[in-house]
Amino acid sequence: MKTTLNALAEPNRLQIVELLRDGPLTVGEIAEQLGLNQPQASKHLRVLNNAGLVEVQAMANRRIYKLRAEPFKELDAWLESYRKIWNERFDRLDDYLQVLQGKEVKNDDKQ
């Protein structure tokens, strides 16, 4: 998980992941779309590959990168535990606000 988050923390790598959401791309296509030179794009892709976020397929002299689903599923599962916590807290807050509103209605009736 930490490796995934570290890899995604760099803005260019996050942008690469966003580009690859739409499908596989070559290094050259990624570099062009992000305004990077090819060695910079390759360096970022190497980090993403080492983190297991992308996989590469060599075709002749081209390297085609695509996202791997597994690390994103793991990230989603980790985030789900936080979603549950926050949903429970929001439900309790909603219950509390309902109680407060009920008290306000009763106080208004007394006036």
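Check the entry above for the structure.
Nothing here was measured: the structure is a model prediction, and the numbers come from that model.

Parameters and conventions
- Position labels on residues start from 1 in each chain and follow its written sequence.
- In keeping with the predicted nature of the model, local features appear solely for residues at pLDDT of at least 70, side-chain atom pairs appear and are counted solely at 80 or more, and the whole-chain, interface and lining totals rest on all residues.
- As a rule here, side-chain values cover all heavy atoms of the structure and leave hydrogens and water aside.
- Throughout this description, the term salt bridge denotes a Lys or Arg side-chain nitrogen within 4 Å of a carboxyl oxygen of Asp or Glu.
- Only protein chains enter the area calculation, which uses a 1.4 Å probe; residues under 20% of their type maximum are buried, those over 50% are exposed, and those in between are partly exposed.
- Numbering of helices and strands runs from the N terminus, with a helix taken as a DSSP run of H or I at least four residues long and a strand as a DSSP run of E at least two residues long.

Undergrad: Whenever I open this one, the pattern of salt bridges confuses me. Can you help?
TA: Any two side chains of opposite charge can pair if their charged atoms end up close together. One pass over the structure, following the stated rule, counts two salt bridges. With its nearest N and O atoms 3.7 Å apart, the salt bridge here joins E18 to R21. On the accessibility criterion, E18 (39% relative accessible area) is partly exposed. Residue classification places R21 among the exposed positions, given a relative accessible area of 59%. Linking E55 and K66 is a salt bridge whose minimum nitrogen-to-oxygen distance equals 3.5 Å. In this pair, E55 sits in strand β2 (residues 54–59) while K66 sits in strand β3 (residues 62–67), placing the two residues 11 residues apart along the sequence. Note on E55: relative accessible area 33%, which makes it partly exposed. The partly exposed category is assigned to K66, whose relative accessible area is 38%.

These figures come from the coordinates and say nothing about function on their own.
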